[in-house]
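Take a look at the letters that make up each chain.
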Amino acid sequence: MSGMKEGVVKIPISEIYLDESIYPRETIDHRRIAVFEENLRDGFEFDPIEVQVWPDPENPAKVRYRILDGRHRWGAYKKTGATHIEVVIITLDQMEPILYAAQMAIGPKQLTEAETRNTARRAFQSDPRLTSSEIGQAIGRSRQAVDKYIADLRATAIFDLELKIFRLHQLGIPQDRIARRVGLGQQRISRYLRLLPQIAKGVNTDLSKGFTVPQVAQKHGWPESLVWSQALVKADDFDRFKALQWGIRTWDVWNFMECDPRFGDDWPGRIPAQLVAHILYFFSEPGDLVLDPMAGGGVCADTCLAMGRRCWSLDMDDRPETRPEIEPWFWDPEQEWDTRPFFNTREKPALIICDPPYFDKKADAYAEKSISGLSKTEYLAFLERFLRFLKQISRKNARLAFINADWRDFQNCPAKKEDQGQAILLTDYYEMFKNTGWTLTHLIQAPMSSERFNGGVVAAMQKKKILGVTSRYVMVLK
Ligand SMILES: C[S@@+](CC[C@H](N)C(=O)[O-])C[C@H]1O[C@@H](n2cnc3c(N)ncnc32)[C@H](O)[C@@H]1O
């Protein structure tokens, strides 16, 4: 690569591609490409085109180079049959790629009015935190012009943001954490929080007129769980169950065949909202703070909204748009989270609902490094440490609802031949509770549906004397 300008590298032209989503122009100027091609054949040298390292749209695991500036030069090089061309690889720290591309494009030839408007809208959609002045500067328009281009988008974004803040606040998440989660300063959050009564007004008016919760949720674009939190604000636990049409089981077998689709996302290892509601009913009070340290599809937070509890949810899987209330948190078996303060707050949960992934089960369904991928010894060591930590961070007299099941390696193996060395049974957890200072107060059966074994599988199991597991337990501890 001798003799090249600093920052300039030569790469195969086939590795470069045009990403329409960040290309500010609506059309390609073929005359311009033809002129450039002639210039190249005459030996004219162009500035290198600018590219950004970016995943291949066809194969995201592979990295290629997308064009930020020089689409016409790239076209001309291809026409001359060049196999490699010089490029400058640009790293964009703060700037939206489409704004950078637009800024570069307006140098040689102004964007049309439609192109400018479109670019502003696409930039705002990629990052709603961009101000109109920032966008305007990049595309060469005034702040007022940009305001007009994006007025409708901004209204939707503000609505989404207000709703997120409202939801996080209803769940009892402190302001500093709400601010961090939605990427705004704490002052802006307090301002939004002052507007809260206003935000809920329309919803409450419709509820008082007798519209149903699903109708109101649909009309106002609110999640149903949040509407329930308003509709049931004055109800006691008993009336909440009635309104939600859940029968209260007053015995220790809680078998719910279906997950209630109104609460929580479809998620590997999802537990029914009815199960969460029963834990809340018997082991917490309205207004209590609940902690769900491995929150998955968010069923616990949703149910807490409907049941008038506050809830902090954590998970290694981060979905800031759809599940802003689940704060990203990785319990790394190799890190020292148990010796550091847990959040910057004195408040401690009154109830912890802990639904860890079962050992080895669904290891492929969760993110890499989930604890379900650990070996048996590591898994047990992790949970013991985790239980000790949960004791440390919860209130005196707090309850822990620990959900788990026997794990036996029964796949394809007759019951008598199973390897006990590989199994984890409830008795192993009992040992752990003793070691970590928790006392078992209730053992509740909450079996999984036996429909997980379909007819064909059952027939094969019958022939081979395979004994599967459908039992699941809520172990309540003090
Ligand atoms: C059984 S799922 C929880 C399901 C949830 N109760 C529901 O009904 O949707 C267990 C969750 O633990 C999370 N998880 C596993 N290992 C983790 C770790 N080391 N740190 C944080 N989260 C972890 C997984 O991402 C998964 O969402």
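Before reading on, note that the structure itself is shown above.
Residues numbered from 1 in each chain as written. Predicted model: local features only at pLDDT ≥ 70, side-chain atom pairs only at ≥ 80, totals over all residues. Heavy atoms only, no water.

Draft legend 1. Inspection of the pattern of salt bridges at higher detail. Tallied over the entire structure, the rule returns 27 salt bridges. With a shortest N-O distance of 3.4 Å, K62 and E15 are connected by a salt bridge. Of the two residues, K62 is situated in the loop between β3 (49–55) and β4 (63–69) and E15 in the loop between β1 (8–12) and β2 (16–17); the sequence distance between them amounts to 47 residues. On the basis of relative accessible area, E15 is assigned to the partly exposed category, the value being 22%. (Salt bridge = Lys/Arg side-chain N within 4 Å of Asp/Glu carboxyl O. Helix = DSSP H or I, 4+ residues; strand = E, 2+ residues; numbered from the N terminus. Buried < 20%, exposed > 50% of the residue type's maximum accessible area, 1.4 Å probe, protein only.)

Draft legend 2. Representation of the pairing of strand β7 (residues 310–315) within the structure. Burial analysis of β7 places 5 of its 6 residues in the buried class, which makes it a mostly covered element. Two strands pair when backbone bridges link them, and strand β6 (residues 289–292) and β7 are joined in this way by 4 bridges, in the parallel orientation. Among the inter-strand pairings, L289 is bridged to a residue of β7, identified as R310. Read from β6 through helix α14 (residues 299–306) to β7, the crossover connection turns out right-handed. The pairing of β7 with strand β8 (residues 326–328) spans 3 bridges and is classified as parallel. (Pairing = 2+ DSSP bridges. Right-handed = clockwise from strand over helix to strand, strands pointing away.)

Draft legend 3. Summary view of the packing of helix α6 (residues 143–170) against helix α7 (residues 175–182). It is the contact of α6 with α7, at a shortest axis distance of 10 Å, that shows an interaxial angle of 145 degrees. Between α6 and α7 lies a crossing of right-handed hand. In this structure, α6 contributes L161, K164, I165, L168 and H169 to the contact, and α7 contributes I178, R181 and V182. Broken down by class, the residue content of the contact of α6 with α7 amounts to 5 nonpolar, 1 polar and 2 charged. (Axes fitted to C-alpha atoms, helices over the stretch in contact; angles between N-to-C directions. Left-handed = near helix turned anticlockwise from the far one by under 90°. Contact = heavy atoms within 4.5 Å. Nonpolar A, V, L, I, M, F, W, Y, C, P; charged D, E, K, R; others polar.)

Draft legend 4. Expanded view of the site of the ligand. In the vicinity of the ligand, 20 residues are found, and the nearest of them are I271, G297, D315, W331 and D355. W267 is positioned such that a nitrogen or oxygen atom in its side chain is 3.0 Å from an oxygen atom of the ligand. Here D355 contributes a side-chain N or O atom positioned 2.7 Å from a nitrogen atom of the ligand. Considered on its own, the ligand offers 600 Å² of accessible surface; in the complex 99% of this is hidden by protein. Broken down by class, the residue content of the shell around the ligand amounts to 13 nonpolar, 4 polar and 3 charged. (Near = heavy atom within 4 Å. Polar contact = N/O pair within 3.5 Å; in protein donor to acceptor, adjacent residues only side chain to side chain. Areas by Shrake-Rupley, 256 points an atom, 1.4 Å probe, with all protein chains shown as cover.)

Draft legend 5. Looking closely at the pairing of strand β5 (residues 84–89). Relative to β5, β1 is paired through 5 bridges, and the arrangement is antiparallel. Bridged to V8 within β5 is V88. In this structure, β3 lies alongside β5, joined through 3 bridges in parallel fashion. Within the sheet, the bridge partner assigned to V51 lies in β5 and is I89.

Draft legend 6. Layout of the sheet that holds β4. Spatially, the 5 strands line up as an open sheet ordered β1-β5-β3-β4-β2, and their pairing is mixed. Edge positions in the sheet fall to β1 and β2, since each has one partner strand and no second. Examined bridge by bridge, β2 and β4 share 2 bridges and lie parallel to one another. When the sheet's bridge partners are listed, I16 is paired in β4 with Y65. Running at roughly 120 degrees to β4, helix α2 (residues 71–79) makes contact with β2, β3, β4 and β5 of the sheet. Of the strands in this sheet, β3 and β4 touch helix α3 (residues 97–105), which is tilted by about 45 degrees from β4.

The values are spatial; any link to function lies outside them.
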